[in-house]
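Structural characterization, general
Spelled out, the chains give:
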Amino acid sequence: MAHAHESNAGRIWKVFAILSVVTIIEVILGIYKPDALHRGYLLGMSLLNWIFYALTIFKAYYIVWAFMHIEGEKSSLKWSIVLPIVFLVLYLLFILLTEGDYIYGVFKDSTIKWNF
């Protein structure tokens, strides 16, 4: 006996709508750059950048959640996939921000000029 084919059109449109709304928020924030967010700092970086990082991580997580069908798996499998990725992304951000701040400080305080 064959299974009845279920249409996932509603789910696809829901995922499309959520990802579109997050992207539109990112674009609007990138165009207008509100002074309160752009001039405010947290841990050496503007609040606007932190918002961009959070929204990007949310989009990446939601894409994995929806298109890799993680939402239907057992909790242990979900966490075994999500936790290493979250750890690696946070570690990469830490390395990039630390090294970037160091290089900025070297060029800012030395006689070496920016040539790039």
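As a starting point, this report considers the structure included with it. As the structure is a prediction and not an experimental result, all values here were calculated from the model. Along every chain, residues carry numbers that run from 1 in the direction the sequence is written. It should be noted that, the model being predicted, local features are given only for residues of pLDDT at least 70 and side-chain atom pairs only at 80 or more, the latter also being counted only at that level, while totals for whole chains, interfaces and linings use all residues. Only hydrogens and water are set aside when side-chain values are computed; all heavy atoms of the structure are taken into account.

**Re a nonpolar patch on the surface**
Patch criteria: residues need more than 30% relative accessible area and no salt bridge. Like-charged residues are merged within 9 Å; nonpolar side chains of Val, Leu, Ile, Met, Phe, Trp and Tyr are merged within 5 Å. For the accessible areas, the method is Shrake-Rupley and the probe is 1.4 Å, while residue cover comes only from the protein chains on display. By salt bridge we mean one thing: a side-chain nitrogen of Lys or Arg within 4 Å of a carboxyl oxygen of Asp or Glu. A cluster of nonpolar side chains, Ile 24, Val 27, Ile 28, Ile 31 and Tyr 32, forms an exposed patch at the surface whose accessible area comes to about 550 Å². Secondary structure follows DSSP: runs of H or I at least 4 residues long count as helices, runs of E at least 2 residues long count as strands, and numbering of each begins at the N terminus. Counting through the fold element by element, Tyr 32 comes out in helix 1 (residues 9-32).

**Considerations on helix 1**
Along an α-helix, residues three or four apart share an orientation, since each turn contains 3.6 residues. Helices are assigned an expected span. That span is 1.5 Å times one less than the residue count. The end-to-end C-alpha distance of helix 1, which contains 24 residues, comes to 34 Å, matching closely the 34 Å that a straight helix rising 1.5 Å per residue would cover. In this scheme, a residue with accessible area under 20% of its type's maximum is buried, one over 50% is exposed, and one in between is partly exposed, where area comes from a 1.4 Å probe on protein chains only. Here helix 1 has its buried residues at Val 15, Leu 19, Val 22, Glu 26 and Leu 29. Along its buried surface, helix 1 packs onto helix 2 (35-39) and helix 3 (47-67). At the C-terminal side of helix 1, Lys 33 shows a positive phi close to 40°. Residues are treated as being in contact if the distance between any of their heavy atoms lies within 4.5 Å.

**What about the side chain of Ser 46?**
On the secondary structure map, Ser 46 appears in strand 2 (residues 45-46). Judged by relative accessible area, which is 6%, Ser 46 ranks as buried. Residues within four places of Ser 46 in sequence aside, it is in contact with Leu 37, His 38, Gly 40 and Tyr 41.

**Examining unusual backbone geometry**
Of note, Lys 33 is a non-glycine position whose phi angle comes to about 40°, a positive value. Note that Lys 33 resides in the loop between helix 1 and helix 2. The exposure class assigned to Lys 33 is partly exposed, which follows from its relative accessible area of 42%.

**Some details on the layout of surface pockets**
A pocket, in this scheme, is an open set of points on a 1 Å grid over the protein atoms alone with protein on both sides within 12 Å along at least 5 of 7 lines, while a cavity is a set where a 1.4 Å probe fits but cannot get out; residues line either one if an atom lies within 4 Å of a point. Grid points are joined across faces, edges and corners, and a volume is the space filled by probe spheres set on the points. Roughly 150 Å³ of internal volume is contained in the largest pocket. Lining of the largest pocket is provided by Leu 43, Gly 44, Met 45, Trp 50, Leu 97, Thr 98 and Asp 101. A per-element tally of the lining of the largest pocket places helix 4 (residues 75-109) first, with three residues. When residues are grouped by polarity, Ala, Val, Leu, Ile, Met, Phe, Trp, Tyr, Cys and Pro land in nonpolar, Asp, Glu, Lys and Arg in charged, and all others, Gly among them, in polar. In terms of residue class, the lining of the largest pocket is made up of four nonpolar, two polar and one charged.

**Comments concerning the pattern of salt bridges**
Within this structure, the stated rule accounts for two salt bridges. Taking the shortest distance from any N to any O, the salt bridge between Glu 71 and Arg 11 comes out at 2.4 Å. With Glu 71 in the loop between helix 3 and helix 4 and Arg 11 in helix 1, this pair connects stretches of sequence that are 60 residues apart. Lys 59 is the salt-bridge partner of Glu 26, the closest N and O atoms lying 3.0 Å from each other. Here the residue Glu 26 occupies a position in helix 1, and Lys 59 occupies one in helix 3, the gap between them amounting to 33 residues.

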